[in-house]
Amino acid sequence: MNIQANQNQKLPWAKAVGGPVFFLSFGLIGYLYAQLNIGPTPPGQLGPAFWPKMCLLSITLAAAFKLFEVLKQRGQPAKAGANALKAMDNRKLALMIAMIVLVVPAIGFLGFPISSVSFFWLFMRLAGEKKRLRMLLISVLGTIALLYLFVKVVYIPLPRGDWIFDDITLFIYRVLFIQ
Amino acid sequence: MGGWELFFTGLGNVLEPFNFTMMATGLVIGVLAGALPGITMMNAIVLVLPFTYIMGIVPSLLLMSGIYCGGVFGGSITGILFNIPGDPMNVPTTWEGYKLNKKGFVSKALGMAIMCSAIGGVVSGVLMTLLSPPFAKIALSFSSAEYFAVVFMGMVSVVVIESKSVSTAFISLFFGMLLGTIGIDEIYGAPRFTFGSRLLETGINFTIVLIGLFAIGEVLEQLCEKGKTGEGVARLRPKVHVPSLREFWEIKGSLLRGLGVGVGMGALPGAGATVTSFVSYGVERQCSKQPQLFGTGVWEGLVASETAINGSTGGAMMHLFALGIPGSGATAVMMGAFLLHGIQPGPLLFTNSPVEVYTIFVGFILCNLVMIPAGVVCSKFFSELMRVPESILGAFIIVFCLLGAYGLRNDSADLWYMALFGIVGYFMRRFDLPVPPLVLGVILGPLAERFFMTTMIGADNDISVFFTRPVSGAVIIISLALFFWPIVKGHLKQRRAENPA
Amino acid sequence: MKRNGLNWVGFALALTLILGASFAFGQEKYPSRPIDFICTWGVGGGSDQMVRVLGKLAEPFLGVPLPVSNKPGASGNSGTTDLLAAKTDGYTVANYIADTLCTIPSGTARYKLDDIEWVVRTQLMPSFLFVKVDGPYATIQDLLKTAKENPGKVKVGGLGFNTIDDVCLRFLASKGYRMTLVPNANPGERYAATLGGHNDALYEQAGDIRQYLDAKQLKPVLVFSEKRFPAFPDVPCTKELGLEVYLPQFRCIIAKKGVAPERIKSLSDAFQKAMQTPEWKKFNADQYASEDSFMGPEQFRTWVAGEMSALEKFMKEFGMIK
C-alpha cells in the first residue's frame, strides 16, 4: 500500500481517471458479451439478456459521467484529507488474505473440524497472539463449540472432507457424541 | 366473540407463565441469532421447529414471534459495536451507530437503538391489530408494478445517501445488480454469466455479499493496521444507557418520520424491512438541516432507520396473516411453521382461528416491550466481547462468517464467495468505493428484475403502466423527488442569495 | 522446538488411533448413523413440509434420525448436484419434483436420468387451472372461448418459461387456445396476482393454494389429468376435452446411483411404512395428493422415464429444445 500511496502523490490524475476508464470498458465489453451469449430472446419479449444489458449500459453511462466530472476538475487541487488512510502492515495483510482463501479448499478436503482448529491457531498466531496454551485451548474448544452449535443444534451438515478425512471427521463426531 | 373480548383472551394467553417464558426465550434467541454474523433469523426459527412440536400451538407461535421481533433488532448490536451489521437492514444503523461508538457514545447508541426499535414495533403492532382484516382487500389491489415502484424507491435512497459522488454510487449499485443476475435466470431458465461453471450457476446470495464486504473487510482493516501487536488493550466495558424523556424529545422529529416511513412502507408489499430502512435513512438525510454530517455519527440517522425497521414488521405480519403471502424469508419460514401446526395463514385465518390470531397480535405488542430488557441484557453480553483481544475475536468472526455462508444453502460454492467478497470489501474501502449501493444492488436487483419483467409481460411491454397505475406512479414520483430535492433546494438557495429581496 | 516435537508425536498417535477406529467402523449395519436428508427447495414451501413430515415419520422405521438440510437453487438442481457428489453409501437422500425433472430435457441439468436411484414416489398431484370465484370467467369453456377469440388476452400465472407450466400452456396454444404465461417464481406473488385480478388464471396444484380454495376465493376450472379429481368431481379433466396433456406434479425421494440395492430396499420399506401412518394420510389429503401416490423403486423408475419422454416429446414439438 506504501507504493500505492507514493504513486498517488505522483500521479493523482492517472488514478482518478483509471477507475472510470476501467468501469467504462468493463461495461462495454460486458454488454457485448451479454448480447452475444445470453439468450435466446423469444419474439415479442424482453428476454433473459435485457436486465443484465440494462445494468451494463448503466454502468457504462455512470462511468462516462464520472470521467467527465474528473476531467472537468482537472487541474484543480485535490481535496485535502479525502484519502486519510491508515498505514497497513502489508505482509500481514497478504498472509491473512491468503489464509482466508486457502481455508476454503482446506474445508472441502480436510473437513471442517481439522481445518477450523488449524485456521484458528494460524490466524491468531498471525494476528499477534503469543500465549500458546491459550491459543490451543481456544482453537480446540472453539471448534468443538461451533461443531455442537452448527451440526448438533442447527442441523447444518458441515463439510466432512474427502478421502480418509471423511472417516476421520466422522470419528471425531462420534467421540464428541455429535452423531 | 367481539374484538375486545378476543383481545383480552389473547392477553390472558400471553401472560400465562409458560407462554410468557417462551416469548421471552424467543426474543433472546432472536436477538442472538440476529447479532451473530452468519446466523440468521431463519436458522433460529428452523432450530426451534422440533421443540414446537411438543408444545401447544400458542406457545410455539409466541416463541416464533419473539424470534422475529428480536431478530429484526439483533443485527444492530454487532453493527454498533463492531461495524458488522447482522442483516442488510441494519446497514444504516451501522453507519451512524459505529461512528457514534467511536465518538464515545456507545452506551447511548445501544440504548437509543433498543428504545427506537421497541417504539416502532409497538406502534406497528397496535396498527396491525386494528387494521389487519380490512387490509387484505387493499393489499390485493397492488400488482407487480407497485412492487417494482417500492423497490425502485429503495434503490434511489441508497444513491441519495451516498454523498461523496452520485456517479460512483450508481456504478456500485448497478454493479451489484449485475452480480445479482449471475446464475440461472428464474424467468427463462437461461444461464447468465455462468461460463459453464457450477459455482456460478447457483447465483450469489446477498447475505454472503453483505457479511463478506462488511465483516471480513473490517477484521482485516483492524488487524493489519501498522504497529498493532494483537495483544490488544482491554477496551472499556460499555454499559447500555436507556435514553431519558428529554433525550427523546430532542429527536422526536426523526422518530416520527421513521415511524411514518416504517408503517407506510410496511403496508406495501415488496422488499420489506431492508428497503424501509434505507428509505427512512434517505428521507431523514434529505429532511435534515445538515445532511453533510450524515455518516459521521448523527443521532437522527440511527433513530429514523431503527424506528422504521421495527415499524415495518407489523405490515409484514399483516401480509402473512391476512393474505397468506409471506413478505420476506423469515416470514416465509414462519408461514411454513404455522402450516406444520395446522394453522393456515390466509383469508380464513380470522374466522377459523381468531383466538390464536389475537394471541399473536397481543404477543407481538408485548414482545416489543419485553425487548427493552431483553435487548439490554443481550447488548451487555455482546459488549463483553469488546474486551476479548482483537486477534481472537477476529479469528472467531471469520470462522463464523464462513460457517454462516455455508449454512445458508449448505453449499461450498458460498465459501468461495465469502472469501472473495471479504477481500473485495477490503479493497473497496481502500479505494473509497461505496459499499452499501453494491449490497443493495445485489439484494434488490433480482427483485426489481422479477417485478419489472412480470409487469412488462402482463402489460404487453408497455412501460407507461408504471406511471398510469396511481400507487406505483405516486411512489415513483416521490422517489424522483427524493433524488432531485437537494439539487432543487441548492438552486433555490442560490437564487435567494443572488436576489436578496 | 521441543514442544513442537511433542505436538507432532501426539498428532501422529491421534491419527493412527483415528484411522484404526474408522476401519473398525467400516463394516456395519445400515443405517447406523443419521441419514442426511437434502431438501432441494427452500424452507417453508411444499417440498420442505413434505420432507420434514416424512423424515419425522420414517425415523422410527429406520431407527436413526433424518436431519433435514435445505439446499434450494436452480429449480432444485443445487441440492441434486450435492446428492450426486456425495458418497454412494446411502447416507444421503434428497427429494425431487417434476419441475426439476423438466430441467433434464431442457438442458440445464448436469446429470442424466440414470444417474439417479429413484427410491419412492411419495406424492402425485395433478395440476389445475384456477380462476377467481367472482371474476369474469366461470368455467373452462369461458376461458377457452376468450383464448380462441383473442389470442394472448388471457393471462395465466405460472412458474416461468421452459417449465412444465409453459409446456402445458403451449400445448393449449397448439390446439388454438393461446394464453399468455406471466412468470413469477415467487409463489405468494403469483397467487396474489390472480386473487387481485391482475392475472386471469393460475396454473398450480391444489394443495399449495388450499387456503384460497377453502375461503372460496379461487376455484378450479380444469384438471390436467386423464380422469377427474375425486375432491373436485365437477371440474372437467383435459382428457374429456380432447386435450391429451397431463404432466402431473410429483414429489419423491431419490438417492445416488450405485447405492447397494439392499440399502435402497431398507429405505423404500421404511418410507412405505411411514406413508401408511394416519399422520401421513392426513398430510397427503390436505395437500390434495392422489391416494395412489406411493410407488416402489422398480415401478417408479419406469414411470419417471415415461414422464420424461412425454416432456421431451412436447418440448421438441413446441420448439423449446432442438
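This structure is a prediction, so every number in the text was calculated from the model and none was measured. (Residues numbered from 1 in each chain as written. Chains lettered and ligands numbered in written order. Predicted model: local features only at pLDDT ≥ 70, side-chain atom pairs only at ≥ 80, totals over all residues. Heavy atoms only, no water.)

**Describing the interface of chain A and chain B**
For the record, the criterion: In this description, contact between two residues means that some pair of their heavy atoms is separated by no more than 4.5 Å. Using a 1.4 Å probe, buried area is obtained as the accessible area two parts lose upon being combined, added over both of them. Take a side-chain nitrogen of Lys or Arg and a carboxyl oxygen of Asp or Glu: if they are within 4 Å of each other, that pair is a salt bridge. Pairing of N or O atoms within 3.5 Å defines a polar contact, subject to two protein rules: one partner must be a possible hydrogen donor and the other a possible acceptor, and residues neighboring in sequence count only if both atoms are side-chain atoms. Note on conventions: DSSP H or I runs of at least 4 residues are helices, E runs of at least 2 residues are strands, and numbering of each starts at the N terminus.
Between chain A and chain B, the residue contacts involve 67 residues of the former and 65 residues of the latter. Here chain A meets chain B over a buried area of about 6000 Å², counting both sides, of which 77% is carbon and sulfur. At the surface where chain A touches chain B, the tally comes to zero salt bridges. One can count nine residue pairs in polar contact (both at pLDDT 80 or more) joining chain A with chain B. The set of elements that each furnish at least two residues to the side of chain A that touches chain B consists of α1 (2-10), α2 (12-37), α3 (50-72), α4 (90-110), α5 (112-127) and α6 (132-153) of chain A. With 13 residues, the single largest contributor to the side of chain A that touches chain B is α3(A).

**Describing the packing of aromatic side chains**
We count it as follows: Between 30 and 60 degrees the pair is tilted, below 30 it is stacked and above 60 it is edge-to-face, where a pair is any two Phe, Tyr or Trp rings, Trp via its six-membered ring, whose centres lie within 6.5 Å. Note on classification: 1.4 Å probe, protein chains only; a residue is buried when its accessible area is under 20% of the maximum for its type, exposed when over 50%, partly exposed between these limits. The criterion for a charge sitting over a ring is simple: Lys NZ or Arg CZ within 6 Å of the ring centre, and within 35 degrees of the ring normal.
For the structure on display, the rule yields 48 aromatic pairs over all chains. Considering the side-chain rings of W51(A) and F452(B), the 5.7 Å spacing of their centres and the 45° angle between planes classify their relative orientation as tilted. Of this pair, W51(A) sits in helix α3 while F452(B) sits in helix α21 (residues 436-458), placing the two residues on different chains. Of the two residues, W51(A) and F452(B), neither departs from the other in class, the shared state being buried. Aromatic pair Y191(C) and Y212(C): ring centres 6.1 Å apart, planes at 65°, arrangement edge-to-face. You can see Y191(C) sitting in helix α8 (residues 187-195) and its partner Y212(C) sitting in helix α9 (residues 210-214), a full 21 residues away along the chain. Through a chain of ring-to-ring contacts, the aromatic side chains of F50(A), W51(A), F148(B), F152(B), F452(B) and F466(B) assemble into a single cluster. Directly above the ring of W299(B) sits K108(B), whose terminal nitrogen or CZ lies 4.4 Å from the centroid. Taking NZ or CZ as reference, R121(C) lies 4.4 Å from the ring centre of W303(C), over its face.

**Some thoughts on the domain arrangement of chain A**
The condition that has to hold: Where a domain begins and ends is set by an automatic assignment or by a domain database.
Its domain assignment divides chain A into domain 1 (2-72) and domain 2 (90-175). Between the C-alpha centres of domain 1 of chain A and domain 2 of chain A there is a distance of 39 Å.

**Some points on the domain arrangement of chain C**
Residues and elements named next belong to chain C. Here is the rule we go by: Each residue gets one label: Ala, Val, Leu, Ile, Met, Phe, Trp, Tyr, Cys and Pro are nonpolar, Asp, Glu, Lys and Arg are charged, and the others, such as Gly, are polar.
The domain boundaries assigned to chain C delineate domain 1 (36-124 + 248-317) and domain 2 (127-241). With centres defined by C-alpha atoms, the gap from domain 1 to domain 2 works out at 26 Å. Facing the 14 residues of domain 1 at the interface are 18 residues of domain 2. Counting across the domain 1 and domain 2 interface gives one salt bridge. Our count for the contact surface shared by domain 1 and domain 2 stands at two residue pairs in polar contact (both at pLDDT 80 or more). Those elements that place two or more of their residues in the side of domain 1 that touches domain 2 are α4 (98-101), β10 (249-256), α11 (278-286) and α12 (297-317). Ranked by residues supplied to the side of domain 1 that touches domain 2, first place goes to α12 with three residues. Grouping the amino acids of the side of domain 1 that touches domain 2 by side-chain chemistry returns eight nonpolar, three polar and three charged.

**Looking at the sheet that holds strand β9 (residues 218-223) of chain C**
All names here are of chain C. This is how it is decided: Strands were regarded as paired on the criterion that DSSP finds at least two bridges between them. Every axis corresponds to a line fitted to the C-alpha atoms, with the helix fit spanning only the stretch in contact, and the corresponding angles, defined between N-to-C directions, vary from 0 to 180 degrees.
The strand order across the open sheet formed by five strands is β7-β6-β8-β5-β9, and the pairing between neighbours is mixed. Looking at which strands have only one partner, the edges of the open sheet turn out to be β7 (180-183) and β9. In this sheet, adjacent strand axes meet at a mean angle of 35° when their direction is disregarded. In the packing of helix α7 (residues 164-174) onto the sheet, contacts are made with β6 (155-158), β7 and β8 (201-205), and the angle to β8 comes to roughly 125°. α8 rests against β5 (127-132), β6, β8 and β9 of the sheet, and its axis sits at about 140° to β8.

**Focus: the pattern of salt bridges**
Summed over all chains, the structure comprises 27 salt bridges over all chains. Here D166(C) ties to R170(C) by a salt bridge, and the two come within 3.2 Å at their closest N and O atoms. With D166(C) and R170(C) both in helix α7 and four residues apart, this pair spans about one turn of that helix. Relative accessible area serves as the criterion here: at 4%, D166(C) is assigned to the buried category. The salt bridge involving K265(C) is made with D269(C); its shortest N-O contact spans 2.9 Å. Placement of the pair is K265(C) and D269(C) together in helix α10 (residues 261-274), with a separation of four residues, close to one helical turn. Shared partners join several salt bridges into a network, and the residues in it are R160(A), D166(A), D36(C) and K87(C).

**Quick word on a nonpolar patch on the surface**
Residue and element names in this part refer to chain B. Put simply, the test is: A patch is a set of surface residues, each over 30% in relative accessible area and not in a salt bridge, joined within 9 Å for like charges and within 5 Å for the nonpolar side chains Val, Leu, Ile, Met, Phe, Trp and Tyr. In this description, accessible areas are obtained by the Shrake-Rupley approach with a 1.4 Å probe, and a residue is regarded as covered only by the protein chains that are shown.
A contiguous nonpolar surface patch, about 530 Å² in accessible area, is contributed by L480, F484, W485, I487, V488 and L492. Relative to the assigned elements, I487 resides in helix α23 (residues 470-498). Taking relative accessible area as the criterion, I487 reaches 53% and is therefore assigned exposed.

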